[in-house]
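Next come the chains, spelled out residue by residue.
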2 protein chains.
Amino acid sequence: GRKVLIVYAHQEPKSLNGSLKSVAVEELSKQGCSVTVSDLYAMQFEPRATRNDIVGCLHNSEEFNYGVETWEAYKRGGLSSDLVEEQKKVQEADLLIFQFPLYWSSMPAIMKGWMDRVLVQGFAHEFPNCYDSGLLKGKLALFSFTTGGSREMYAKGGISGDIRYLLWPMQHGIMHFCGVKVLAPHICFAPEYVSEEKRKEMLIAWAQRLKTLWNEEPINCSPEWYFK
Amino acid sequence: GRKVLIVYAHQEPKSLNGSLKSVAVEELSKQGCSVTVSDLYAMQFEPRATRNDIVGCLHNSEEFNYGVETWEAYKRGGLSSDLVEEQKKVQEADLLIFQFPLYWSSMPAIMKGWMDRVLVQGFAHEFPNCYDSGLLKGKLALFSFTTGGSREMYAKGGISGDIRYLLWPMQHGIMHFCGVKVLAPHICFAPEYVSEEKRKEMLIAWAQRLKTLWNEEPINCSPEWYFK
C-alpha cells in the first residue's frame, strides 16, 4: 500500500477544506493507502524559525544562522522533536497532499512555517542535490486549495492574474527544489460564493480525481507550464 | 516628515538583514523621517490565524471562518491588541519596507503571518475596493531581501527562474491588492557566499538608494513587469 501524508491547514473541521481533507483520507484509505494527517492548527504547529528548533549547543552561538544551525543539528540528530516527527512522516510518504485555503496568494503562515522548518538542508536538499536531484526525489506532491477569488479573476488576463503564477513559488520553488514531482493542482474556486449543492459537487469531483490519481503523470514543472 | 514602517524578520541582529534594517533606520531618520520598526522575532509575533485574534463573541460560533470573523471584529473594534497595534503603524505609514531573508521562494512564515493577520478585510481592502482602489491607497511598499541563491540562478532562464516570478504573489497579490504602490525591490544576492567587503558594499548601496528613494516612481505592477 502507498503512503500519503496530508498536511492540512484549516481551523474549522466543518469547512470545505476540512471536508476535502476527510474525502481524501476516506478515498485513499479505501484504496489501501496508509494515510497520515498533519492537522497543523490542531497540533498548534509552530511556524516561527527560531533557536528553539535546535536542541543543545549551537554550531555558532555568536551569530545565529537558522539555515546553518538546522543543517548542523540535522546531521547530529539535534533537531527539535516536532520537526523530527514531521520529517519521519515525509520520509515515509510516497505522496504529500497540501490542503489549505489560499491566504494572500500563497499558503497560510502556519503551512509556510511547516515548509520553513521541516524541509531542512541535509534532509530535503543539500547542494548540489536540488531540483531534479533533490533529496526527496521519488515522491509526489499535490497542492489542493480553495480561493476567495473567482475562476475569472484568476484567468490569464484576469485581475488577479493566472492562478499558475502563484503556483510557481510553491510547486517549483519548494517541492521541485527538493526533488519532488508535482501533480496538477486541485483548485476549488470561491466556494464561499456558491451554493451548498455546488460545494457538494466540489467534494465529489475531488473524490473522483483521487480514484485515478496514481495513474496521473506529473506536470512539467518548468517556466513553460506556469508562464507560457 | 514622512513616516516609515519597517517590518523586519530576522532572528539575528548581527546578520546582513539586521544591518540592512539598521542602515534604513539611520538613513531615513537622518532625512527627517519618523521610522518605526516591527521586529517580528523580537516581538515573538504570532503568525497563526486563529480564534484568538477575535476578542469576545464570534459572529458565527458554529463554523469558524477566519476572514469573516476578523472582518466583523474589525468593524466592532474587537481585534486582538497585537493586530490593532500593527494596523495603527500601517495606517500612519507613508512607506512600508519589508526586510527579510528569502525562505522557500517567499517571505519567512513569521512575516507571512503578519500579512495574514494584519491586513484584515475592512482595514486593508473591502470588495470592490481592491487593487487600485484598495483601502491602503496612497502608501508605498518596498520589498528588501537577501537570497541564498546567486544572481545567475535567479536570472531569466536560470535554474530558479527570474526572481520577478517570486515577487508577483508578494507585490501584486498582497500590496497591490490593498492599493499600495510598489517601489522596485532591493535584492542582495547570496550574501553568505561573498566577502565581508562585498557585504559592506551591499550596505552602502542600500544607504545610497535610500537617499533618493522619495524621487522614485513605483513600478508598473502588472503581468508585463513580472513575466514579459
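Note that the coordinates shown come from a computational prediction; the quantities given were computed from them, not determined experimentally.

1. Examining the confidence of the model for chain A
Moving on, step 1. Of all residues in chain A, 100% have pLDDT values of 70 or greater, and the mean over the chain is 98.
Moving on, step 2. As scored by the predictor, the complex reaches a pTM of 0.98 and an ipTM of 0.98.

2. So, the state of the cysteines
All names here are of chain A.
Moving on, step 1. Within this structure, the stated rule accounts for zero disulfides over all chains.
Moving on, step 2. No disulfide involves C221; its sulfur sits 12 Å from the nearest other cysteine sulfur, which is in C178.
Moving on, step 3. C221 gets classed as buried once you look at its relative accessible area, which sits at 10%.

3. Things to note about the pairing of strand β2 (residues 34–39) of chain B
Moving on, step 1. Examined bridge by bridge, strand β1 (residues 3–8) of chain B and β2(B) share six bridges and lie parallel to one another. Considered in β2(B), the bridge of V4(B) is made with V35(B).

4. Here's the deal with the environment of R2(A)
All names here are of chain A.
Moving on, step 1. Within the secondary structure, R2 sits in the segment before β1 (3–8).
Moving on, step 2. Taking relative accessible area as the criterion, R2 reaches 42% and is therefore assigned partly exposed.
Moving on, step 3. As a C-alpha pair, R2 and V35 span 33 residues in sequence and 8.5 Å in three-dimensional space.
Moving on, step 4. In this view, R2 contacts G32, C33, S34, D94 and W214; residues no more than four positions away in its chain are not counted.

5. Section: the pairing of strand β4 (residues 140–146) of chain B
Residue and element names in this part refer to chain B.
Moving on, step 1. When you tally the buried positions in β4, you get seven out of seven residues, the bulk of the element.
Moving on, step 2. Side chains of β4 alternate between two faces, with L140, L142, S144 and T146 and A141, F143 and F145 buried alike.
Moving on, step 3. Two elements, strand β3 (residues 95–101) and β4, share seven bridges in a ladder whose sense is parallel. In the strand pairing of β4, F100 is matched with F145.
Moving on, step 4. Since β3 and β4 lie parallel, the crossover through helix α4 (residues 109–118) that links them has a hand, and here it is right-handed.
Moving on, step 5. For β4 and strand β5 (residues 181–182), the ladder comprises two bridges, and the chain directions are parallel. By the bridge assignment for β5, L140 is matched with K181.
Moving on, step 6. Across three bridges, β4 lies against strand β6 (residues 186–188) in parallel orientation. Counterpart to F145 in the pairing with β6 is I187.

6. Some thoughts on the side chain of D162(B)
All names here are of chain B.
Moving on, step 1. Along the chain, the position of D162 falls in the loop between β4 and α5 (163–175).
Moving on, step 2. Although D162 lies buried, it forms no salt bridge, and the closest oppositely charged side chain, K156, sits 4.2 Å away as judged by the N-O distance.
Moving on, step 3. Reaching out from D162, the side chain makes a polar contact with the backbone nitrogen of R164 at a distance of 2.9 Å.
Moving on, step 4. Leave out the neighbours within four places in its chain, and D162 touches Y154, A155 and K156.

How each quantity is defined
- Residues numbered from 1 in each chain as written.
- Chains lettered and ligands numbered in written order.
- Predicted model: local features only at pLDDT ≥ 70, side-chain atom pairs only at ≥ 80, totals over all residues.
- Heavy atoms only, no water.
- pLDDT = per-residue confidence, 0-100.
- Disulfide = S-S within 2.5 Å.
- Buried < 20%, exposed > 50% of the residue type's maximum accessible area, 1.4 Å probe, protein only.
- Pairing = 2+ DSSP bridges.
- Helix = DSSP H or I, 4+ residues; strand = E, 2+ residues; numbered from the N terminus.
- Contact = heavy atoms within 4.5 Å.
- Right-handed = clockwise from strand over helix to strand, strands pointing away.
- Lys, Arg positive; Asp, Glu negative; His and termini not counted.
- Salt bridge = Lys/Arg side-chain N within 4 Å of Asp/Glu carboxyl O.
- Polar contact = N/O pair within 3.5 Å; in protein donor to acceptor, adjacent residues only side chain to side chain.

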